[in-house]
Amino acid sequence: MRIVFDLNRCLGYAQCIPLAPDALKLSGEEAVMYDPNPDDSQRQQVLRAVASCPVQAIMVDFRDRGNGTAS
Amino acid sequence: MSTATSTSDRVADLVTSFKNNGRIVIVGGSLAGLRAAEALRDEGFNGQLTVIGDEKHEPYDRPPLSKQVLKGWVPGDHTLLPRAREVDAEWRLGVAATGLDRKTKTVRLANGDQVPYDRLLIATGVRSRPWFNKAEAGLKGLFTIRTSEDAGRLQVALAAKPKRVLIIGAGFIGSEMASVCRELGLEVTVAERAAAPLIGALGGVIARVAAEMQREAGVDLRTGVSVEKLEGDAGGHVRRAKLSDGTTLDVDVVVASLGSIRNIEWLEGAGLATGFWGVGCDAGCRAFDVNGVVTDSIFVAGDVARMPHVLYEYQFLSIEHWDNAVYQAKIAAHNMVSLEPERKPHLPLPRFWSGQFGVNIKGIGIPSFGDQLVITQGSVKDRRFAAAYGKRGRIVGAITFNHGKWLEYYEALINRSAPFPPPAPGYDAPAEMKPIPAEFPDPRTATALPTVVLTGHDPTDRAATFEPARR
């Protein structure tokens, strides 16, 4: 799947990090590092992380969108 | 009345006809080109859309290249950009545009093809500046970084545990790469001609903080020096670097991080306002011709564009920032299919981020437009602070180190040209808020190129000499 962070919009609340720890990492206190093309096996975690962002800074490919809790 | 109505009807018909049958060509297949293509379809453009890109890959994201990719976490070809929507377009990737004929309205490609357009978007971006010595530029172990292949090759070289890496140039990308080298446990020297890293973007006061961060992380940071010569071994692999201070370094990997060159060569002879800082355009993204007359059918977006900004005394800005490419592409797309009353201006507050040495550096506005700064929040010693930059009593930019949540506060102040020094934000204010000189280098020296450059009309900002043709 494909994601991109708008790291200007990202304010470093880091809500997303624990929800998808294999795809998202925090460097220091507020600098987010992410895997732009995480493996499809991580879809659920990544979509939950996307939904958790208080400023909606994570964009998901339209083909990868969907209900993060769906099977 | 009836004439007026029928005229507006005819214009409306023309717009509808263009939206359904027109031909739009986007030259540039990266971030700006992709977002423009998506926006054109969102705007109801149903005509023929062609995207031309010299790289063979579909559009990918570059900021992760100097961080996640070099670290070895993300493969170089795994930064493909997410799509906002389906885009029905002809993607001509892997073939560069080599010419523009405005009379026949065609773009010439490297393979000889001619692609006709009714409206053209120039989004050819920049490339990395190569090492200046052509003989040395062929040395193995010498890298530049701009493309995913560049990053992939450099990652392999770093993973091979070189004894010492030399990074030439301490701008944002050079500094990020130095950070990655230290995270990988590699010995790294950074050579910077200016007095400190990031000095063009942050000024001397804050750049000294960036220098301390590098040294505390174990970077061998050398400022005020240039690299004069690279020497290879018998196998043509770089082994030594000679510095202007007379010292010699034993190195296995050298990265030339010398800023960028705007991709305008293909426009030679087209009569557009092209130059060192890119393609001049108005705030509505319409390109200027060489005489400063605005064109009707050619638009510009992204790193290659330079446009006037009302907040900065109508000086022309060249902005190599990620979100400028995104937003300018959308504005350009909108204006390409809209009539004059509906056209929108692209008046962004430049903004950037850079993750390095565990610190999130963010900026808004144009700090280098200012000449003074004041630490408004937090503590420089703790690497958690906000600094506001001012010029003649108004705030023009702000920088935060691990204090990004407050950037919006400063954005609002800059947008309304609030007084400088700004009112205390009422949280985490230092004991003393005293404006001090920001210590930006003389912009006429070509040593430190910041990522937002004011290129405009003030002759002291960027010396340009007009030499009339001699007869």
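Computed from a prediction, not measured in an experiment: that's the story for all the values here.

Trainee: Honestly, the overall build of chain A in this entry has me stumped. Any pointers?
Mentor: Broken down by element type, chain A carries one helix and four strands. N-terminal to C-terminal, the α/β element order of chain A is β-β-β-α-β. In terms of overall size, chain A behaves like a compact globule, its C-alpha atoms giving a radius of gyration of 11 Å where 71 residues would be expected to give roughly 11 Å. Dimensions along the principal axes, computed over C-alpha positions, put chain A at roughly 35 × 20 × 20 Å. When burial is assessed residue by residue, chain A has 39% of its 71 residues classed as buried. In chain A, of all internal contacts separated by at least 6 residues, the share reaching a separation of at least 24 is 64%.

Trainee: Help me understand the environment of Pro82 of chain B, please; the structure alone is not making it clear to me.
Mentor: With respect to the secondary-structure elements, Pro82 of chain B resides in the loop between helix 3 (68-71) and strand 3 (90-93). For Pro82 of chain B and Thr223 of chain B, which are 141 residues apart along the polypeptide, the C-alpha to C-alpha distance reads 39 Å. Excluding anything up to four places from it in sequence, Pro82 of chain B contacts Arg2, Ile3, Val4, Met59, Val60 and Asp61 of chain A.

Trainee: Please clarify how unusual backbone geometry should be interpreted in this entry.
Mentor: Excluding glycine, most residues fall at negative phi; most peptide bonds, likewise, are trans. Residues Phe420 of chain B and Pro421 of chain B are joined by a peptide bond in cis, for which omega reads 0°. With respect to the secondary-structure elements, Pro421 of chain B resides in the loop between helix 9 (407-415) and strand 29 (436-437). In the Ramachandran plot, Ala14 of chain A falls in the positive-phi region, its phi being about 65° despite a non-glycine side chain. Within the fold, Ala14 of chain A resides in the loop between strand 1 (3-5) and strand 2 (24-27). Of note in the backbone geometry, Lys105 of chain B takes a positive phi value of approximately 55° without being a glycine. Relative to the helices and strands, Lys105 of chain B resides in the loop between strand 4 (97-101) and strand 5 (106-109).

Trainee: Would you mind showing me how to read the packing of helix 2 (residues 31-42) of chain B against helix 8 (residues 322-336) of chain B here?
Mentor: If you want to describe how two helices pack, look at the angle between their axes and the distance between the axes. Residues and elements named next belong to chain B. One way to put it is that helix 2 packs onto helix 8 with a least axis distance of 8 Å and a crossing angle of 35°. When you trace helix 2 past helix 8, the crossing you get is right-handed. Contacts between helix 2 and helix 8 involve Leu31, Ala32, Arg35, Ala36, Ala39 and Leu40 from the former and Trp322, Ala325, Val326, Gln328, Ala329, Lys330, Ala332, Ala333, His334 and Met336 from the latter. Residue classes in the contact of helix 2 with helix 8 are distributed as 12 nonpolar, two polar and two charged.

Trainee: Teacher, can you tell me more about helix 8 of chain B here?
Mentor: Structurally, the α-helix is built with 3.6 residues per turn, so residues lying three or four positions apart point the same way. The first and last C-alpha atoms of helix 8 of chain B sit 21 Å apart over 15 residues, in line with the 21 Å expected at 1.5 Å per residue. Burial analysis of helix 8 of chain B places 13 of its 15 residues in the buried class, which makes it a mostly covered element.

Trainee: When you look at the interface of chain A and chain B in this model, what are you seeing that I'm missing?
Mentor: The extent of an interface is frequently quoted as the accessible surface area lost upon association of the parts. Taken residue by residue, the interface counts 21 residues in chain A and 23 residues in chain B. Only strand 1, strand 3 (31-34) and strand 4 (58-60) of chain A provide two or more residues apiece to the side of chain A that touches chain B. Partitioning the side of chain A that touches chain B into residue classes produces 10 nonpolar, five polar and six charged.

Trainee: Where do I start with the pairing of strand 25 (residues 359-365) of chain B in this structure?
Mentor: One face of the sheet, then the other: side chains in a regular strand alternate in exactly this way. All names here are of chain B. Strand 25 sits mainly inside the fold: seven of its seven residues count as buried. Here six bridges tie strand 24 (residues 351-356) to strand 25, and the two strands are oriented antiparallel to one another. Looking at strand 25, one finds that Gly355 is bridged to Asn360. Taking the residues that link successive antiparallel strands as the turn, the strand 24-strand 25 hairpin has two residues, and the phi of Phe357 there is positive, at about 55°.

Trainee: For this particular structure, what's the right way to read the sheet that holds strand 14 (residues 238-243) of chain B?
Mentor: The strands that make up a sheet are held in pairs by hydrogen bonds between backbone atoms, and each pair lies either parallel or antiparallel. Residue and element names in this part refer to chain B. The sheet built from three strands is open, its strands ordered 13-14-15 with antiparallel pairing. Where the open sheet ends on each side, the last strands, each with one partner, are strand 13 (227-232) and strand 15 (248-250). Direction aside, neighbouring strands of the sheet carry axes that sit 20° apart on average. Across five bridges, the pairing between strand 13 and strand 14 is antiparallel. Across the sheet, Gly232 pairs through a bridge with Val238, a residue of strand 14.

Trainee: So what exactly am I meant to see when it comes to the nonpolar core here?
Mentor: When a protein is soluble and globular, its nonpolar side chains tend to lie buried together. All names here are of chain B. In this structure, Ala36, Val254, Val255, Val279, Ala301 and Ala387 are the most contacted members of the largest nonpolar core, which totals 156 residues. Considering each element in turn, this core owes the most residues, nine residues, to helix 7 (residues 199-216). When sequence neighbours within four positions are dropped, the list of residues in contact with Val254 reads Gly141, Leu142, Leu166, Ile168, Leu230, Val238 and Ala241.

Trainee: What should I look at first to understand the sheet that holds strand 21 (residues 294-300) of chain B in this one?
Mentor: All names here are of chain B. Judged by pairing direction, the sheet is mixed, and its six strands sit side by side in the order 3-2-1-7-21-20 without closing on themselves. Whereas interior strands pair on both sides, the edge strands pair on one side only; in this sheet they are strand 3 and strand 20 (286-288). When strand polarity is set aside, the average angle formed by the axes of neighbouring strands in this sheet is 30°. Two elements, strand 20 and strand 21, share two bridges in a ladder whose sense is antiparallel. Following the sheet pairing, Arg286 is matched in strand 21 by Phe299. Docked against the sheet, helix 2 engages strand 1 (23-27), strand 2 (48-53) and strand 7 (119-122), running at close to 175° with respect to strand 2.

Procedures and definitions
- Residues numbered from 1 in each chain as written.
- Chains lettered and ligands numbered in written order.
- Predicted model: local features only at pLDDT ≥ 70, side-chain atom pairs only at ≥ 80, totals over all residues.
- Helix = DSSP H or I, 4+ residues; strand = E, 2+ residues; numbered from the N terminus.
- Rg over C-alpha atoms; globule rule 2.2 N^0.38 Å.
- Buried ≥ 20, exposed ≤ 12 C-beta atoms within 10 Å, placed from the backbone.
- Contact = placed C-beta atoms within 7 Å.
- Axes fitted to C-alpha atoms, helices over the stretch in contact; angles between N-to-C directions.
- Left-handed = near helix turned anticlockwise from the far one by under 90°.
- Nonpolar A, V, L, I, M, F, W, Y, C, P; charged D, E, K, R; others polar.
- Expected span 1.5 Å × (residues − 1).
- Pairing = 2+ DSSP bridges.
- Core = buried A, V, L, I, M, F, W, Y, C linked by C-beta atoms within 7 Å.

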